2 protein chains.
Amino acid sequence: MSDDIGPLVDLIVNSEESGTDFDKEALQDQLEDLEYDQWALLLEALPTEERLSQWQLVPVEMQAEVLVDMRSDARLSIINTLPSDMLEQLFGRLSPEDLIELSDSLPEHLIDLALQQMNQKQRQFFEHSSQYNDNQIGRYADHNLLILPQNAKVYDALRLLRRDIPECTDALFLTDRAGRYAGTVPLHSTFGSPGHIPLVELLDEDAEPLAAETSLEESAEIQEKSDYVLLPIVDAKGMLIGRMTIKDGFQILRETHDAEQMARAGLSEDEDLFSPVWKSSMRRATWLGINLLTAFLASWAIGLFEATLQQVVALAVLMPIVASMGGIAGSQTLTLIIRGIALGQISRGNLSPLLIKELSVGGFNGILWAFAIGGIVAYWFSDMMIGIVIAAAIAINIVAAAFSGVLIPVLLDKMKIDPALSGSVILTTVTDVVGFVTFLGLGTLFLL
Amino acid sequence: MSDDIGPLVDLIVNSEESGTDFDKEALQDQLEDLEYDQWALLLEALPTEERLSQWQLVPVEMQAEVLVDMRSDARLSIINTLPSDMLEQLFGRLSPEDLIELSDSLPEHLIDLALQQMNQKQRQFFEHSSQYNDNQIGRYADHNLLILPQNAKVYDALRLLRRDIPECTDALFLTDRAGRYAGTVPLHSTFGSPGHIPLVELLDEDAEPLAAETSLEESAEIQEKSDYVLLPIVDAKGMLIGRMTIKDGFQILRETHDAEQMARAGLSEDEDLFSPVWKSSMRRATWLGINLLTAFLASWAIGLFEATLQQVVALAVLMPIVASMGGIAGSQTLTLIIRGIALGQISRGNLSPLLIKELSVGGFNGILWAFAIGGIVAYWFSDMMIGIVIAAAIAINIVAAAFSGVLIPVLLDKMKIDPALSGSVILTTVTDVVGFVTFLGLGTLFLL
């Protein structure tokens, strides 16, 4: 990372523990240069006590922005300690966009207070945005956009452009009297045009506004393909309620990725490095509980063969190999299919050739590893028959894994469940159970 | 996905199998509307035979772009079947940027041919870019940027702006006579300024060029934080060699994410849905082999307790529960720490409070699940002692998992190995071995 805040964390922890005045001055110098996003990262990286003492050092004019930029668990750990006059002072400064972001973390009376401090127009913005849920782009509409009436001319545009232009602006928008979106004018088209030309003549006919209900992920995809770095957002009535910039798209992409990684381990993306132990424990317990059910399922499958295990203990020793090879082979297929689904590439038409191809790959690797593992095991236990049994179980489990690796994500997708999240848990349960049952089953048939 | 090509895949496969003329016409109509990126997705989604027959239908003027946009395995499956005169015809049309993208997939003589078709300036661009490796932003420098000499005035800029402006342009760049980067002028600053003002007076002093050696991921981070939607790229001598736009940043982010998901399953991001069976099998075999070593390690650990297993077969039945609870608890910690490392938030200063917190969470969940599982098991096997043994093993393994979940990624990161890729394999090996050894070890001590 270009601006790693690790060394700063070290400096803070050291100077709190055994700080000389020299340390403290060095620290002070570095803190002065921090941007608000670095402050947010730094505070998140500190244990609760240090977090609260460093919070005191955030410059007053940055405090609101820093809070907005933090993940909500860490943010709450600070907000919950602030005295109410401090909170009231902080939230006089909030823009409608920031208030939306913070609204989950703030008590009702503070939201009301922040709303009172806003002017009529800002309040309207806030009310508009807060109608949408947190996976709809309308909620995050930014109000920093260039708008002109439908009958404006090129010189009106040029006059507007001479003022401060908001970041990421390569178009301006026309609205009718009621505020309904009436078209997109690419900025560059105004440069060469004479002043008296009506802007409607410069409209980009291909430009389409973004519906406020669009999901965040889809908005990011539309933004990526658009010719513009900002898109106008309209509500169901066609009112222009704000804009989405390509930087928002960037952030959506990062956060979606982040949330997905965390969700795979049963964690929330808001999980704080230093959240309170009991809170963190209770959250994680749920995921452990779900996993326990699948583990008991595997145990139950093994339990069916208790009598066999008693007589051929080598089976118990080798069980994990069969389950684990199936799990790995299955997740390779699963990963490929999940990507295909995400890209919209998997459908009825190519499902059966895909299944055939994956079963062939599974067959190839099944046989390859059946020979390898069978050979090693026969040598290890000086028993040809147990080598043959594990070889057969490996081959069967790898082929079954290929089959499940294709079908599980496709079925989950059909049931509108994100296969990237639950696919892996279900798959390994299947490969565990199939692995144990075939291996111990074949063992029962041939080794007793 | 907004433009899911699934239905089109179905239509193609159907019409190839039992196609009426009616089907074929309907298909033809839909294919005419495809953009080049949709063509790329569609071809990737088709089995080899259909892929090659549909390739014939790609409009000639789009063929090169479609190939550039495809993942390299699927691309090669087409290129390798094209006759040489066809290839020669295709690569007359390549821009330096596209040639860079394709250079790994093309035989030497075709690259030479494409170079011959370029003018002096394009060849120079190509040679400049190809000095950098495929993780350096210089390799992907786009040459579509507005450049003016250092002594240019505002009216020069305005004249330039009246022509066609490249996508994602919110600044122009000044160079000295030798072509060295001399500064960034934000476009909007030229609008209000009188024509005779020298552009150097409008320079943004804070704008910094991007070094061509910068890694892709870091470039995307810098782009995200920049005030501009495009960044100038300079080589080691300060020469302006091209630009990176925020759309490139978008693509980097998506591809990095994609590559990471695939790499976790031991797959390449270029892996083709319909790659040849033997090729795909051999690639996946390596990952299965690595995993087999870790599985044998677990087996070996179990093998140490063969005598115990022979006497207490319930231990064999329950083993997977201990291993799996440890694996899940460990990956929760691992995921949290990996994110912290990616954000630059983990350092010596907060490592020990973090370890203490995770060990506490592990302790809490260890004890919680020890009681739950111990109780269930004691009831299942009507044996108090085996309940106590598994309870102790669960508690120990979950705490050990928390410990490993913090330390493994930190150590990997110190060794410059990406913990997001190998962390999980190493962690589950540890939790398997620790789980089996404690459970069977305690069983040996207390149940014999």
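Residues numbered from 1 in each chain as written. Chains lettered and ligands numbered in written order. Predicted model: local features only at pLDDT ≥ 70, side-chain atom pairs only at ≥ 80, totals over all residues. Heavy atoms only, no water.

Looking at an unreviewed UniProt entry, chain A carries the name Magnesium transporter, with the source organism given as Neptunomonas qingdaonensis. Comment text from UniProt for chain A, heading Subcellular location (unreviewed entry), reads "Membrane". Heading Sequence similarities (unreviewed entry) of the UniProt record for chain A holds this comment: "Belongs to the SLC41A transporter family." (UniProt positions renumbered as here; feature names shortened; annotations may be inferred.)

What follows concerns the overall build of chain A. Within chain A, the regular secondary structure consists of 20 helices and six strands. Relative to the globule expectation of 22 Å for 448 residues, the C-alpha radius of gyration of chain A, 30 Å, shows a markedly less compact shape. A principal-axis box enclosing the C-alpha atoms of chain A has dimensions of 90 × 65 × 40 Å. A total of 448 residues make up chain A; the buried ones form 57% of that total. Within chain A, residue pairs in contact and separated by at least 24 positions form 64% of the contacts whose partners lie at least 6 positions apart. In the structure as shown, chain A presents an accessible area of about 19500 Å², 55% of it carried by carbon and sulfur atoms. For chain A, the distance from the average position of its 28 positive side-chain charges to the average position of its 62 negative side-chain charges is 8 Å. (Helix = DSSP H or I, 4+ residues; strand = E, 2+ residues; numbered from the N terminus. Rg over C-alpha atoms; globule rule 2.2 N^0.38 Å. Buried < 20%, exposed > 50% of the residue type's maximum accessible area, 1.4 Å probe, protein only. Contact = heavy atoms within 4.5 Å. Areas by Shrake-Rupley, 256 points an atom, 1.4 Å probe, with all protein chains shown as cover. Lys, Arg positive; Asp, Glu negative; His and termini not counted. Charge placed at Lys NZ, Arg CZ, Asp CG, Glu CD.)

Accessible area lost during the coming together of the parts is what is often quoted as the interface size. At the interface, 117 residues of chain B touch 117 residues of chain A. Buried surface at the junction of chain B and chain A, both sides included, amounts to about 10600 Å², of which 65% is carbon and sulfur. For the interface between chain B and chain A, the tally reads six salt bridges. The shortest N-O distance in the salt bridge between Asp258(A) and Arg339(B) comes to 3.2 Å. One can count 42 residue pairs in polar contact (both at pLDDT 80 or more) joining chain B with chain A. Here the side of chain B that touches chain A is built from residues that sort into 59 nonpolar, 31 polar and 27 charged. (Buried area = accessible area lost by both parts, 1.4 Å probe. Salt bridge = Lys/Arg side-chain N within 4 Å of Asp/Glu carboxyl O. Polar contact = N/O pair within 3.5 Å; in protein donor to acceptor, adjacent residues only side chain to side chain. Nonpolar A, V, L, I, M, F, W, Y, C, P; charged D, E, K, R; others polar.)

All right, on to the UniProt feature "domain: F-box" (unreviewed entry) in chain A then. Using the residue numbers shown here, the UniProt feature "domain: F-box" (unreviewed entry) corresponds to residues 76–103 of chain A. The span residues 76–103 of chain A carries 64% helix and 0% strand; its end-to-end C-alpha distance comes to 11 Å.

This paragraph deals with the sheet that holds strand S2 (residues 171–175) of chain A. Residues and elements named next belong to chain A. Taken together, the three strands give an open sheet; going across it, the order is S1-S2-S3, and neighbouring strands pair in mixed fashion. Of all the strands in the sheet, just strand S1 (147–149) and strand S3 (181–186) have a single pairing partner and so form its edges. The sheet shows a mean angle of 30 degrees between the axes of neighbouring strands, taken without regard to direction. For S2 and S3, the ladder comprises five bridges, and the chain directions are antiparallel. In the sheet register, Ala 171 faces S3, and the bridge partner there is Pro 186. (Pairing = 2+ DSSP bridges. Axes fitted to C-alpha atoms, helices over the stretch in contact; angles between N-to-C directions.)

Right, let's get into the UniProt feature "transmembrane region" (unreviewed entry) in chain A. All names here are of chain A. UniProt records the feature "transmembrane region" (unreviewed entry) for residues 285–305, 311–338, 359–381, 387–412 and 424–447 in the present numbering. End C-alpha atoms of residues 311–338 are separated by 42 Å, and the span's content is 93% helix alongside 0% strand. In residues 359–381, helix accounts for 96% and strand for 0%; the two terminal C-alpha atoms are 31 Å from one another.

Note on the copies: chain B fits chain A at an RMSD of 0.1 Å, the axial shift is 0.0 Å, and the rotation between them is 180 degrees. On the angle and the small slide along the axis, the relation comes out as a two-fold axis. An overlap of 100% is found between the interface residues of chain B and their copies at the interface of chain A, pointing to a shared contact surface. (Least-squares fit on C-alpha atoms with pLDDT ≥ 70 in both.)

To continue, consider the layout of surface pockets. The volume enclosed by the second largest pocket comes to roughly 630 Å³. Along the wall of the second largest pocket there are 29 residues; nearest its centre are Thr169(A), Asp170(A), Thr169(B), Asp170(B) and Leu187(B). When its residues are assigned to classes, the lining of the second largest pocket shows 16 nonpolar, four polar and nine charged. (1 Å grid on protein atoms, 1.4 Å probe; cavity = no way out; pocket = protein on both sides within 12 Å on 5 of 7 lines; lining within 4 Å. Points joined across faces, edges and corners; volume = space filled by probe spheres on them.)

Our next topic: unusual backbone geometry. All names here are of chain A. Its identity is not glycine, yet Lys 416 carries a phi of approximately 60 degrees, on the positive side. Here Lys 416 lies in the loop between helix H19 (384–414) and helix H20 (419–447). Accessibility expressed as a relative area gives 76% for Lys 416, which makes it exposed.

All right, on to the packing of aromatic side chains then. In this description, a pair of aromatic rings is defined by centroid distance and the angle of the planes. As enumerated under the stated definition, the model contains five aromatic pairs over all chains in all. An aromatic cluster is built from Phe296(A), Trp380(B) and Phe381(B), whose rings are joined through pairwise contacts. (Phe/Tyr/Trp six-rings, centres within 6.5 Å; stacked < 30°, edge-to-face > 60°.)

Attention now moves to the environment of Asp413(A). All names here are of chain A. Relative to the elements of secondary structure, Asp 413 occurs in helix H19. Judged by relative accessible area, Asp 413 falls into the partly exposed class, the value being 37%. Residues Asp 413 and Ile 12, 401 residues apart in the sequence, show an inter-C-alpha distance of 48 Å.

A surface patch of negative charge is lined by Glu65(A), Asp69(A), Glu101(A), Asp104(A), Asp134(A) and Glu255(A). With a relative accessible area of 65%, Asp104(A) lands in the exposed category. (Patch = residues over 30% accessible without salt bridge, like charges linked within 9 Å, V, L, I, M, F, W, Y side chains within 5 Å.)

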